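Okay, here's what each chain looks like letter by letter:
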Amino acid sequence: MKTILGLRIDVDTNRGTRLGVPNLCRLFSRHRLFATFFFSVGPDNMGRHILRLLRPEFLKKMLRSRAPSLYGWDILLCGTLGPGPVIGERQRDTIASAAALGHETGLHAWDHHAWQTRIDRMDAKQVHTHLQKGCDMLKRITGRSPVCSAAPAWKCTDTVLEEKDRFPFSYNSDCRGETIFTPVVSGRKISQPQIPATLPTYDEIIGTAGVTDENYNDYIISRLRPGRLNVLTIHAEVEGVSRLTMFEDFMGNILSKKIDVLPLGELLINPLPGKTAVIVQKKLPGREGWVSVQDTGQDTGQDTGGKDKGKI
Ligand SMILES: [Zn+2]
């Protein structure tokens, strides 16, 4: 049975857009393949992460993934000393050329940092404003509304699902899971299907369970499943810059194994399978706080317990 890999690139920062996106576009053009770029287009305040160094869980992750060498110090400081640069203004041409090359273009965030730290406290109007500003900026840059979206840090709530449903997205990729499904909120089906990420990200897995830069590619390849949904998320900041050589090897390797690489939108089949699921909040190893996970009825992570627990 054939193995197909859906490839999504999350672009979180100004630096990742400027350096990582052109590198990845060149690599994809060499192999004549297409993927899905999820862009962050508003202010880059990702450096505010550094203020959270005081939290032990985050410090552990920074040290394990050697964050400064992984992301670059300029990312870690971006937005800490004042408002961060508006990525869609600074990197307009880079985003436009990725779309013009034929890559699927989706919205990741207006303000990635604000979303990942405050989404569970945002009301419907605030969520709508984030989505609207991001879609407007991408439309100004590429000439068309983004066809899909992916919530920053896999943080998605009922309110997010309901507000996204008002936008012309053909699907969203807001959670971790196993299969393409229709999300259900308070017993109501959301019209936009979810294409979940099935694989962990580099920073989640590196340095754990014996995974190193030397065996990381083999580890990911060993987790690909023939005949089933495989979705890998890479980051423009990581696989597009500091781990570019490693990712070039990965691409060469999977293409030599005749694995097809496709944008996520091409994984949608028509008509959609009737599978429905709720999205729950769970803690995943290597990731700070909760993430949204397709509830498959099996335990794919740990319940966060307490106030984080329950359907979202
Ligand atoms: Zn992101």
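The structure displayed is predicted, hence computed values, not measured ones.

1. Describing the overall build of the protein
Reasoning step 1: Scanning the protein from terminus to terminus reveals 13 helices and 13 strands.
Reasoning step 2: In the protein, buried positions account for 55% of the 312 residues.
Reasoning step 3: Summing over all exposed atoms, the protein offers an accessible surface of approximately 13500 Å²; the carbon and sulfur share of this is 52%.

2. Topic: the confidence of the model for the protein
Reasoning step 1: Overall, the prediction assigns the protein a mean pLDDT of 88, with 83% of residues at 70 or greater.
Reasoning step 2: Note on residues 299-312: pLDDT is under 50 here. Beyond four places in sequence and across chains, it has 33 contacts.

3. Section: the coordination of the zinc ion
Reasoning step 1: In the first shell of the zinc ion, the protein supplies D12 (OD), H108 (NE2) and H112 (NE2), at 2.1 to 2.2 Å from the metal.
Reasoning step 2: Along the chain, the residues donating to the zinc ion fall in the pattern D-x95-H-x3-H. Of this pair, D12 sits in the loop between β1 (4-11) and α1 (14-30) while H108 sits in strand β3 (residues 104-109), placing them 96 residues apart in sequence.
Reasoning step 3: Residue H108 is classed as buried on the basis of its relative accessible area, which comes to 4%.

4. Details of the environment of I279
Reasoning step 1: By the secondary structure assignment, I279 is in strand β11 (residues 279-283).
Reasoning step 2: Each C-alpha atom, one on I279 and one on C175, is 7.6 Å from the other, the two residues being 104 residues apart in sequence.

5. Examining helix α13 (residues 244-256)
Reasoning step 1: Counted at 1.5 Å a residue, the expected span for α13 with its 13 residues is 18 Å, and the 18 Å between its end C-alpha atoms agrees.
Reasoning step 2: Among all positions of α13, only L244, M246, F247, F250, M251 and I254 are buried. All buried residues of α13 fall inside an arc of 155° around its axis, so they share one side. In α13, the exposed positions angled more than 90 degrees off the buried face are occupied by T245 and S256.

6. Observations concerning the pairing of strand β2 (residues 36-40)
Reasoning step 1: Of all five residues that make up β2, five are buried, and the element is covered over most of its length.
Reasoning step 2: Covered by surrounding structure in β2 are T36, F38 and S40 together with F37 and F39, the residues of both alternating faces.
Reasoning step 3: Pairing of β1 with β2, which is carried by four bridges, proceeds in the parallel orientation. Counted as the bridge partner of D10 is F38 from β2.
Reasoning step 4: After leaving β1, the chain enters α1 and then returns to the sheet as β2, a path that is right-handed.

7. A look at the sheet that holds strand β7 (residues 188-189)
Reasoning step 1: Strand order across the open sheet formed by three strands is β7-β6-β10, with mixed pairing between neighbours. Across the chains shown, the open sheet's two edge strands, defined by having one partner strand only, are β7 and β10 (276-277).
Reasoning step 2: With two bridges joining them, strand β6 (residues 182-185) and β10 adopt parallel strand pairing. Within the sheet, the bridge partner assigned to T182 lies in β10 and is T276.

Procedures and definitions
- Residues numbered from 1 in each chain as written.
- Predicted model: local features only at pLDDT ≥ 70, side-chain atom pairs only at ≥ 80, totals over all residues.
- Heavy atoms only, no water.
- Helix = DSSP H or I, 4+ residues; strand = E, 2+ residues; numbered from the N terminus.
- Buried < 20%, exposed > 50% of the residue type's maximum accessible area, 1.4 Å probe, protein only.
- Areas by Shrake-Rupley, 256 points an atom, 1.4 Å probe, with all protein chains shown as cover.
- pLDDT = per-residue confidence, 0-100.
- Contact = heavy atoms within 4.5 Å.
- Donors = N, O, S within 2.8 Å, 3.2 Å for Na, K, Ca; no water.
- Expected span 1.5 Å × (residues − 1).
- Arc of directions from axis to C-beta.
- Pairing = 2+ DSSP bridges.
- Right-handed = clockwise from strand over helix to strand, strands pointing away.

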